[in-house]
Amino acid sequence: MSTPAERAEAGVAPASASWPIRLDGASVTYPNGTTALRNVSLSISPGEMVSVVGLSGSGKSTLIRTINGLVPVTSGTVDVGPYTVSGLSGRRLRELRGHVGMIFQGFNLAERVDVYRNTLVGRFASSSWLRSLFGIASAEDREIALRSLEAVGMLDKVWTRAGSLSGGQKQRVAIARALSQKPSVMLADEPVASLDPPTAHAVMAELERIGVERGLTVLVNLHLMDLARDYTTRMIGLRAGELVYDGPAAKATDADFEQIYGRRIQPQDRLGAES
């Protein structure tokens, strides 16, 4: 039987182990000539809860998507756990994605299907192609899906049709679906952008709690600076595809945010009135 070190070297790791993420000089230029990332280098340790903030078009979504290979880098490298994402394809790329949970702004649930079966989809990321094709779930799959729903407080809605849920409930089901993969990395691309402020805070609190309890590496794109400060330990700021801030989220100042957003947080006339 192989050792954990040997399995990691071969590109196979237990799904419960959190992984580091490393970008080294990563750049992305799309076919239309748009450069979305410019020479970004950063390292994220296993178990870190990290936010990525910036204006729309700053490269936040592109950064997230380079990590699971949805967007290939034009130059530089991206390493996730034992995988070098750059150049992965076929079976090896599917293996990587099986270890990376993904949460989207639009939930990506099957609206006419119940909560249980939406959550169970996450298990097929690590299933054989035959089981995935026919949606055949093992007893272990079913148990993991139910435990994932319990972890986000949605077990009582297990047979409820997803389309009848509120926005916050849908996002919790999306989190449960990602958790059912037993991921080593969790990515969240604007997971609260379509939610009202109280619900956004509740969902972020869920992500923070799960990340802490499971020691999970979490990377989340956010627009709002208060969410980044309140729920993540580290903040990465992007502006026009470039890394302009990387430090503790709680210590980020208004001046830091002005550097990221390229504008004042408060209007100049209000600043003058308050002085």
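Placed above this text is the structure.
Residues numbered from 1 in each chain as written. Predicted model: local features only at pLDDT ≥ 70, side-chain atom pairs only at ≥ 80, totals over all residues. Heavy atoms only, no water.

What the six strands build is an open sheet, ordered β6-β7-β8-β3-β9-β10; its pairing is mixed. This sheet does not close on itself; its edge strands, each paired only once, are β6 (100-104) and β10 (242-248). Averaged over all neighbouring strand pairs, the angle between strand axes comes to 15 degrees, with direction disregarded. For strand β3 (residues 49-53) and strand β8 (residues 217-222), the ladder comprises five bridges, and the chain directions are parallel. Bridge pairing in β8 places Val52 opposite Asn221. Lying over the sheet, helix α7 (residues 167-179) contacts β6 and β7 (185-189), oriented at roughly 165 degrees with respect to β6. The strands that helix α10 (residues 254-261) touches are β3, β9 (234-239) and β10; relative to β9, the one it contacts most, it runs at about 35 degrees. (Pairing = 2+ DSSP bridges. Helix = DSSP H or I, 4+ residues; strand = E, 2+ residues; numbered from the N terminus. Axes fitted to C-alpha atoms, helices over the stretch in contact; angles between N-to-C directions. Contact = heavy atoms within 4.5 Å.)

With 18 residues, helix α8 (residues 197-214) extends 26 Å between its outermost C-alpha atoms, agreeing within 8% with the 26 Å of an ideal straight helix rising 1.5 Å per residue. Immediately downstream of α8, the backbone of Gly215 shows phi near 60 degrees, a positive value. (Expected span 1.5 Å × (residues − 1).)

Right, let's talk about the pattern of salt bridges for a bit. Applying the stated criterion across every chain, the model contains 15 salt bridges. The shortest N-O distance in the salt bridge between Glu213 and Arg209 comes to 3.1 Å. Of this pair, Glu213 and Arg209 are both found in helix α8, four residues apart, which corresponds to roughly one turn of the helix. Residue classification places Glu213 among the exposed positions, given a relative accessible area of 56%. Through salt bridges that share partners, Arg172, Glu206, Arg209 and Glu213 make up one connected network. (Salt bridge = Lys/Arg side-chain N within 4 Å of Asp/Glu carboxyl O. Buried < 20%, exposed > 50% of the residue type's maximum accessible area, 1.4 Å probe, protein only.)

Counting residues in each nonpolar core, the largest one holds 47 residues, and the members touching the most others are Met204 and Met235. Considering each element in turn, this core owes the most residues, six residues, to α7. When sequence neighbours within four positions are dropped, the list of residues in contact with Met204 reads Met49, Val192, Val220, Leu222, Leu227 and Tyr231. With 31 residues, the next largest nonpolar core counts Leu23, Ile44, Val100 and Ile236 among its residues. (Core = buried A, V, L, I, M, F, W, Y, C linked by side-chain atoms within 4.5 Å.)

By the secondary structure assignment, Ala178 is in helix α7. Given the relative accessible area of 2%, Ala178 is considered buried. In this structure, the C-alpha to C-alpha distance between Ala178 and Val100, residues 78 residues apart in sequence, is 8.1 Å. In this structure, Ala178 is in contact with Gly101, Met102, Ile103, Pro183 and Met186, ignoring residues within four places of it in sequence.

For Asn68, the location among the structural elements is in the loop between α2 (60-67) and β4 (75-80). A distance of 3.3 Å separates the side chain of Asn68 from the backbone nitrogen of Leu70, its partner in a polar contact. Once residues within four sequence positions are removed from consideration, Asn68 is found in contact with Leu93, Leu96, Arg97, Val100, Met102 and Leu187. (Polar contact = N/O pair within 3.5 Å; in protein donor to acceptor, adjacent residues only side chain to side chain.)

This part covers the packing of α7 against α8. The interhelical angle for the contact between α7 and α8, taken along N-to-C directions, is 20 degrees, at an axis separation of 10 Å. With respect to their mutual orientation, α7 and α8 come out roughly parallel. Crossing handedness for the pair α7 and α8: right-handed. Of α8, the residues touching α7 (which contributes Gly168, Gln171, Arg172, Ile175 and Leu179) are Thr199, Ala202, Val203, Glu206, Leu207, Ile210 and Arg214. (Parallel < 35°, antiparallel > 145°, perpendicular 65-115°, else oblique. Left-handed = near helix turned anticlockwise from the far one by under 90°.)

So, about the packing of aromatic side chains. Aromatic ring pairs are reported here in terms of the distance separating the ring centres and the angle at which the planes meet. Applying the stated criterion across every chain yields a total of three aromatic pairs. When the ring of Trp19 is compared with that of Tyr83, the centres are 5.7 Å apart and the planes differ by 45 degrees; the resulting orientation is tilted. Here Trp19, found in the loop between α1 (4-9) and β1 (21-29), pairs with Tyr83, found in strand β5 (residues 83-84); they are 64 residues apart in sequence, far enough to count as distant. Across this residue pair, the class does not change: Trp19 and Tyr83 are buried. Plain terms: the ring middles of Phe257 and Tyr261 are 6.1 Å apart, the flat faces sit at 15 degrees to each other, and that makes the pair stacked. With Phe257 and Tyr261 both in helix α10 and four residues apart, the pair spans about one turn of that helix. For the pair shown, Phe257 and Tyr261 are each scored as buried. (Phe/Tyr/Trp six-rings, centres within 6.5 Å; stacked < 30°, edge-to-face > 60°.)

Nothing here speaks to function; it is geometry throughout.
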